[in-house]
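Residue-level structural notes
In case you want the letters, here they are:
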Amino acid sequence: MFVMELTYIAPIEAVEEEMDAHIAWLDGYYAGGVFLASGRKVPRDGGIILAGGVSRAEIEKIAAEDPFTVAGVCEYRITEFLATKTSADLSTVRENPAV
């Protein structure tokens, strides 16, 4: 599973100009089952996306396709982790690492 942390590197007005395209991009990956949760950071200097079911290479490609990235208004920091314990709602993405 991945934590995708976006940090805005442009004024919020430039971010807002790309918001509709970013939301459409999000919706596509929600529909594909890759994105599990997302939202703005507080304070609003970026956002967080929880994603799973893909490789590190795939998640980096997905981040590169974000309209925010393409427009140069954000940078990503991607952290991979093993979700060994989850709520019942997320049991389908729970991972069992090799010992």
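This write-up is about the structure you can find in this document. Note that the structure is predicted; figures quoted are calculated from it, not measured. (Residues numbered from 1 in each chain as written. Predicted model: local features only at pLDDT ≥ 70, side-chain atom pairs only at ≥ 80, totals over all residues. Heavy atoms only, no water.)

Some points on the overall build of the chain
Secondary structure assignment for the chain yields four helices and four strands. Reading the chain from its N end, one meets helices and strands in the order β-α-α-β-β-α-α-β. With the C-alpha coordinates of the chain rotated into their principal frame, the extents come out at 45 × 25 × 25 Å. Counting over 99 residues, the chain shows a buried share of 29%. If you sum the accessible surface of the chain, you get close to 6000 Å²; carbon and sulfur atoms cover 55% of it. For the chain, the distance from the average site of its 8 positive side-chain charges to the average site of its 16 negative ones is 8 Å. (Helix = DSSP H or I, 4+ residues; strand = E, 2+ residues; numbered from the N terminus. Buried < 20%, exposed > 50% of the residue type's maximum accessible area, 1.4 Å probe, protein only. Areas by Shrake-Rupley, 256 points an atom, 1.4 Å probe, with all protein chains shown as cover. Lys, Arg positive; Asp, Glu negative; His and termini not counted. Charge placed at Lys NZ, Arg CZ, Asp CG, Glu CD.)

Quick look at the nonpolar core
Met4, Phe35, Ile49, Ile59, Ile62 and Phe68 are the most contacted members of the largest nonpolar core, which has 19 residues in total. Counting residues per element, the ones that place at least two in this core are strand S1 (2-8), helix H2 (19-31), strand S3 (46-51), helix H3 (56-65) and strand S4 (74-80). The element contributing the most residues to this core is S1, with four residues. In this view, Met4 contacts Phe35, Gly47, Ile48, Ile49, Ala51, Ile59, Ile62, Ala63, Tyr76 and Arg77; residues no more than four positions away in its chain are not counted. (Core = buried A, V, L, I, M, F, W, Y, C linked by side-chain atoms within 4.5 Å. Contact = heavy atoms within 4.5 Å.)

Points about the side chain of Lys41
Among the structural elements, Lys41 can be located in the loop between strand S2 (35-40) and S3. Looking at Lys41, the relative accessible area reads 15%, which means it is buried. At a separation of 3.4 Å, a polar atom in the side chain of Lys41 contacts the main-chain carbonyl oxygen of Leu6. Here Lys41 is in contact with Glu5, Leu6, Thr7, Gly46, Gly47 and Ile48, once residues within four sequence places are set aside. (Polar contact = N/O pair within 3.5 Å; in protein donor to acceptor, adjacent residues only side chain to side chain.)

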